[in-house]
Amino acid sequence: MDMRAAPTEVAKATATPLAGARSHPWTSGIAIMIVLGLAAAGWWWWRAPAITVVHVTRGPAAEIVYATGAVEPETWSRSTPLVRGRIVERCRCEGKIVKKGDVLARLDDKEALATLNDLRALEDFQRREFDRQTQLLARGATTSQAYQRVESDLARVRAQIAAQVQRLDYYKLVAPMDGIVLKEDGEVGDMVDPGTILYRIGLEKPLWVVAEVNEEDIPRVLVGQKALLRTDAFANRVLPGFVKQITPAGDPVAKTFRVRIGLPDDTPLHVGMSVEANIVSREKQNVLLVPANAVINNNLFVVEDGRARRRKVEIGIRGTGFVEIVNGVTENETIVSPATTNIKDNARVRPQLVEDVAP
């Protein structure tokens, strides 16, 4: 009996695994479908073009007018020779204080002195001739016409002497005002022409930037507006200023207007430095902002559910880096930046978020 029962139980024991094995194809099929679905989703995802996106942010918006110029003293003067000559003496007073009328340089005036001496010799001769004619006229030995001619010759030579004495002053360069010699040019022995600037004299403070603004931008510039200044000498600093003067007449050739931007007394800028100026013509606080390169023809591409959807927006202030959005998007929405013309509306995209840059 025991011998017959053993095979039967062995058969039962071996039947159980076979029953379990019949359920494997069903579970394996589900697993395969899941893997295929994930693979398809991955293929769909990676097949979409990668684009960079940012969030719509809030911050201040400023409309600016760009200008370039140089730093100058508000009060200063140029000293130039009035005649052509060779420099024979100079003060070497750059950086020093001078008073109005102080001699800064002298030109060679030997020829002018020789001419003056000739005129004075001629005056002496004409004076003696005038005295002689006066005596002759008193005795009736000459005519009144001869007397008047000699009198006229004497007056003419005296006028020439006065002019030559005045001309001798042209060979001296004198300080036109009290101030500091900001710059001194020319060396002893140099031949200089009239109009050559040899000395710049002025007051160290206050300073301003004399800048040129394009004529199409000048209607937006007003006295008192804030200006942000940059220069290579202080590359990592934005320096303050304000519009102080606007020249009424523009340059029709260069198509620019001259604008003077006042500087505070503690400005680190020096006379002669070149400056780039951003004049703030309009400013708003706490507005919606997007990068300027995200806007194409007043449209943005907003990323929703893996697709780039074109959206019409209303633009406010246009800055150099950011643009104010008045209507069309909300804060923290994801937009394509930079946007390109080859992006199609509703196209699948693979967004890659870059760190939001504050305006």
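Here, residues in each chain are numbered from 1, in the same order as that chain's written sequence. With pLDDT at 70 or above as the cut-off, local features in this predicted model cover only qualifying residues; side-chain atom pairs require 80 or more to be listed or tallied, and sums for whole chains, interfaces and linings still use all residues. Side-chain measures were taken over the full set of non-hydrogen atoms in the model, leaving aside hydrogen atoms and water.

A cis amide bond links Lys205 to the next residue, Pro206, at an omega of -5°. For helices the rule is a DSSP run of H or I covering at least 4 residues; for strands it is a run of E covering at least 2, with both sets numbered from the N terminus onward. In this fold, Pro206 is placed in the loop between strand E10 (199–202) and strand E11 (207–214). Cis geometry is found at the peptide bond from Ser337 to Pro338, where omega equals 0°. Assignment of secondary structure puts Pro338 in the loop between strand E20 (334–336) and strand E21 (347–348).

The next subject is the packing of aromatic side chains. Two aromatic rings, drawn from Phe, Tyr or Trp (for Trp, its six-membered ring), form a pair once their centres lie within 6.5 Å of each other, and the interplanar angle then sorts them: stacked below 30 degrees, edge-to-face above 60, tilted otherwise. For the coordinates displayed, the defined rule picks out one aromatic pair. For the ring pair Phe130 and Tyr147, a centre distance of 5.3 Å and an interplane angle of 35° mean the geometry is tilted. You can see Phe130 sitting in helix H3 (residues 110–139) and its partner Tyr147 sitting in helix H4 (residues 144–169), a full 17 residues away along the chain. Each residue is placed in one exposure class: buried if its accessible area under a 1.4 Å probe, protein chains only, is under 20% of its type's maximum, exposed if it is over 50%, and partly exposed if it falls in between. By relative accessible area, which is 17% here, Phe130 ends up buried.

To estimate how far a helix should extend, the number of its residues minus one is multiplied by 1.5 Å. Helix length check: H4, at 26 residues, gives a terminal C-alpha distance of 38 Å against a target of 38 Å (1.5 Å per residue), a fit within 8%. All buried positions along H4 are accounted for by Ala146, Tyr147, Val150, Leu154, Val157, Ile161, Gln164 and Leu168. Contacts between residues were defined by any pair of non-hydrogen atoms, one from each residue, lying within 4.5 Å. As for H4, its buried residues are in contact with H3 and strand E7 (172–174).

With that settled, consider H3. Side chains three or four residues apart in an α-helix point the same way, a direct result of the helix having 3.6 residues per turn. Here H3 contains 30 residues, and its C-alpha end-to-end distance of 44 Å stays within 8% of the 44 Å for a straight helix at 1.5 Å per residue. Those residues of H3 that fall on the buried side of the exposure criterion are Ala112, Leu116, Leu119, Gln126, Glu129, Phe130, Gln133 and Leu136. The secondary structure elements touched by the buried residues of H3 are H4. Positive backbone phi, at 75°, marks Gly140, one or two positions downstream of H3.

Glancing now at the sheet that holds E10. A pair of strands is labelled paired if DSSP reports no fewer than 2 bridges between them. Spatially, four strands are ordered E3-E10-E8-E5 in an open sheet, and the strand pairing comes out antiparallel. This sheet does not close on itself; its edge strands, each paired only once, are strand E3 (76–79) and strand E5 (97–98).

Bridge analysis of strand E2 (residues 57–73) against strand E15 (residues 274–291) gives 13 bridges, and the strand direction is antiparallel. Bridge pairing links Thr68 to Glu276 in E15. Sheet topology note: the strand E12 (residues 226–230)/E15 ladder contains four bridges and is antiparallel. Bridged to Ala227 within E15 is Ile279.

Further remarks concern the nonpolar core. Ranked by size, the top nonpolar core spans 26 residues in total, and within it Val98, Leu104, Leu107, Tyr199 and Ile201 carry the most contacts. Elements that contribute at least two residues to this core include exactly strand E6 (103–107), H3, H4 and E10. When sequence neighbours within four positions are dropped, the list of residues in contact with Val98 reads Cys93, Leu104, Ala175, Met177, Asp178, Gly179, Val181 and Ile201. Within this scheme, the nonpolar core is defined by two criteria: the residues are buried Ala, Val, Leu, Ile, Met, Phe, Trp, Tyr or Cys, and they are joined through side-chain atoms within 4.5 Å. Counting residues in hydrophobic clusters, the runner-up holds 22 residues, among them Ala67, Leu239, Leu263 and Ala277.

Our focus in this paragraph is the confidence of the model for the chain. Do not read the fine detail of predicted coordinates wherever pLDDT is low. Per-residue pLDDT for the chain averages 87, and the proportion of residues at 70 or more is 86%. Low pLDDT, under 50, characterises residues 1–23; the stretch is placed with zero contacts to residues that sit more than four places away or in other chains. pLDDT runs from 0 to 100 and stands for how confident the predictor is about each residue.

Quick look at the pairing of strand E19 (residues 322–327) now. Bridge count between E15 and E19: three bridges; the pairing is antiparallel. The partner of Leu289 across the bridge, within E19, is Glu324. Summarising the sheet, strand E18 (residues 314–318) and E19 pair through three bridges and their orientation is antiparallel. Following the sheet pairing, Ile315 is matched in E19 by Ile325. Between the end of E18 and the start of E19, which pair antiparallel, lie three residues.

What follows covers the side chain of Glu184. Summarising the element assignment, Glu184 is placed in strand E8 (residues 179–184). Separated by 3.1 Å, the side chain of Glu184 and the backbone nitrogen of Cys93 make a polar contact. Once residues within four sequence positions are removed from consideration, Glu184 is found in contact with Arg90, Cys91, Arg92, Cys93, Glu94, Leu198 and Tyr199. N or O atoms within 3.5 Å of each other form a polar contact, as long as, within protein, one can give a hydrogen and the other can take it, and as long as residues adjacent in sequence are counted only when both atoms are side-chain atoms.

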